[in-house]
Amino acid sequence: MGVGRQSIGRSRGGIFEVQLSHTHTRRFTPVFDEDHVVSAGGLPAVMGLAQRAGFTGLLKARLTVPSPNEPVKVRALVSGMLAGADTIDGMDILRSGGTQKVVGAVRAPSTLGTHLRSYTHGHTLQLGGINRDLLTNLAPMVPTLFGGDPLVMVDLDDTIREVHGYAKQAVAYGYNHVKGLNALVATISTEHSAPVIAGAQLRRGNVKSGDHAAWHATRALTLAKRVRPATQIMGRADSAFCTCDFVHAFQDAGCWFSVTIPQWKSVTRAISAIREDAWVGIHYTDAVFEEDTGEWISDAEVAEVPFTAFTSHPKEDQVTCRLVVRRVKRLNPTAHADQGELFDTYRYHPLITNSTLPMIQADERHRGHAIIEQVMAELKGNALAHLPSGRFTANAAWLQLAVLAFNISRAAAHAAGMSTARMSTLRIRVTMIPARLARHSRRRFLHYPTHWPWQQEFMTLWAYATGTGPPQAA
């Protein structure tokens, strides 16, 4: 009943043939000749939300790339990324069937590649400003985009985008001994809202992670204060960003910071001075709750002491803060099962913070910094899967466009009621809905598949994109 059979064929003239026998396959003959089928039928809704937030107007007002019709080309690149294109050639998906009729003017991949190569470093900064303005406009349109939690987190981290060969400018071996280019990303999130990217920059492959990080932190903080005024903000980063300038960027702005600190001599001295009875067990991996004592029995414990960071700097630059330390018992893998350890050894994970959160909550909030790794993975699984050009500034512009596509996708997911959906999930459920373009009574219609599982989510997004608001409950 419709089950196929595959058999191994014979080699004829050096060509190996595979013989397929499938009842359903034999019934059809593929023909690519339909001009009214739209492969990305959800793009009008997704890009319509960005258009309603003034995307085209921002491009016209701020982007000065010496390229004709630059707003059209930028919209085409972002639309292609939303449709799944991770290379310049992949942008051809916008010219298939009737897709071009619903997404607006598009350009050939070669034209879009030429447009990317016309960018300079200043133009990539303009795209970063457009991204921040677009998020500012989207915030009141999609209130859940930045959540309503009393604490907003600003996270910074970097990643190496691996490349092969030396044809691309600025390629070098980075901190993880991988040859590629370095991408720094700053995100804004809350406990109940997924991260959006406040800014990003492509850098040479062997750059230090914390290089100019304070500059990016300041811009992310400015955006966070703009979209969530009068809200407490906490900046988080790992030890590679633990510099005096970076910490002061948050402290001087009146924000909290929570930064992993390397185990310098001053840090190890402070840790060794912590009394043994000061360590408190936490709900950690494999922790067991003891009902009699009301405590967690865990190999992870937390303690804190007052601390002054950056004592090698002038006194006015030193930071008085809290040193919160999490220690995890280090098990000896070579010890025999019937022989106990003579004494416990630990791995220590110290951080500095100026927050007023309780010690255990401060440690838990800091561990939430790992959420930015999901953003990195999502970018690499989409448009940042490749860096398409040999020219550094073209690749830097590609990263900025990928950030725009990411944030538009995130806003569309919130508008559709799928606040936790990733870019790939939104693409499957909303963006890449197949549709048929038709005309009736001088009106154009998009006919979508019946019984589409996510029809309600799509119609909710459509209401946002067209400005009619969320549909009324039936």
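None of these values were measured; they are calculated from a predicted model.

Draft legend 1. Representation of the overall build of the chain. Looking only at helices and strands, the chain features 15 helices and 17 strands. For the chain, the proportion of its 474 residues judged to be buried stands at 49%. In the chain, 66% of the contacts between residues at least 6 apart in sequence involve partners at least 24 apart.

Draft legend 2. Looking closely at helix α6 (residues 109–117). Along α6, the residues that are buried comprise Pro109, Leu112, Gly113, His115 and Leu116. Viewed along the axis of α6, the buried residues span an arc of 160°, placing them on a single side of the element. Where α6 is buried, its residues contact α4 (70–82) and α13 (392–415).

Draft legend 3. Main features of the pairing of strand β9 (residues 256–260). Taking burial as the measure, the five residues of β9 include four buried ones, the bulk of the element. Summarising the sheet, strand β8 (residues 232–237) and β9 pair through four bridges and their orientation is parallel. Paired with Met234 across the two strands is Trp256, which belongs to β9. Crossover β8 to β9 through helix α9 (residues 244–251) is right-handed. Alignment of β9 against strand β15 (residues 345–353), held across three bridges, turns out to be antiparallel.

Draft legend 4. Inspection of the nonpolar core at higher detail. With 125 residues, the main nonpolar core has Leu49, Phe55, Val78, Leu323, Ile352 and Trp398 as its most contacted residues. Sorting elements by how many residues they give to this core places α13 first, with 17 residues. Excluding residues within four positions of it along the chain, Ile352 makes contact with Cys242, Val247, Phe257, Ser258, Val259, Ile261, Phe307, Ala309, Phe310, Cys321, Arg322 and Leu323.

Draft legend 5. Looking closely at the packing of helix α2 (residues 43–52) against α13. Between α2 and α13, the least distance of the axes is 9 Å, while the angle of their chain directions is 105°. Taken together, the axis directions place α2 and α13 in an arrangement best described as roughly perpendicular. On α13, the residues touching Val46, Leu49 and Ala50 of α2 are Ile408, Ala411, Ala412 and Ala415. Class assignment of the residues belonging to the contact of α2 with α13 gives a composition of seven nonpolar, no polar and no charged.

Draft legend 6. Structural detail: the packing of aromatic side chains. Evaluation of the coordinates by the stated rule reveals eight aromatic pairs. By the ring-pair criterion, three or more aromatic residues cluster together here, those being Phe241, Phe246 and Phe250. Cation over ring: Arg327 sits above Tyr346, and NZ or CZ is 3.9 Å from the ring centre.

Draft legend 7. Representation of the side chain of His123. As for its position among the elements, His123 is in helix α7 (residues 121–141). We classify His123 as buried; its relative accessible area is 9%. Engagement of the side chain of His123 in a polar contact is seen with the backbone oxygen of Thr64, the distance being 3.3 Å. Apart from residues no more than four positions distant in its own chain, His123 is found in contact with Leu63, Thr64, Val65, Pro66 and Ser118.

Draft legend 8. Spatial organisation of the pairing of strand β4 (residues 151–162). The buried fraction of β4 amounts to 11 of the 12 residues, a majority that puts the element mostly inside the structure. Looking at chain direction, β4 and β8 are connected through five bridges and run parallel. Bridge pairing in β8 links Asp155 to Arg236. Note that β4 and strand β6 (residues 179–190) share 10 bridges and pair antiparallel.

What counts and how
- Residues numbered from 1 in each chain as written.
- Predicted model: local features only at pLDDT ≥ 70, side-chain atom pairs only at ≥ 80, totals over all residues.
- Heavy atoms only, no water.
- Helix = DSSP H or I, 4+ residues; strand = E, 2+ residues; numbered from the N terminus.
- Buried < 20%, exposed > 50% of the residue type's maximum accessible area, 1.4 Å probe, protein only.
- Contact = heavy atoms within 4.5 Å.
- Arc of directions from axis to C-beta.
- Pairing = 2+ DSSP bridges.
- Right-handed = clockwise from strand over helix to strand, strands pointing away.
- Core = buried A, V, L, I, M, F, W, Y, C linked by side-chain atoms within 4.5 Å.
- Axes fitted to C-alpha atoms, helices over the stretch in contact; angles between N-to-C directions.
- Parallel < 35°, antiparallel > 145°, perpendicular 65-115°, else oblique.
- Nonpolar A, V, L, I, M, F, W, Y, C, P; charged D, E, K, R; others polar.
- Phe/Tyr/Trp six-rings, centres within 6.5 Å; stacked < 30°, edge-to-face > 60°.
- Lys NZ or Arg CZ within 6 Å of the ring centre and 35° of its normal.
- Polar contact = N/O pair within 3.5 Å; in protein donor to acceptor, adjacent residues only side chain to side chain.

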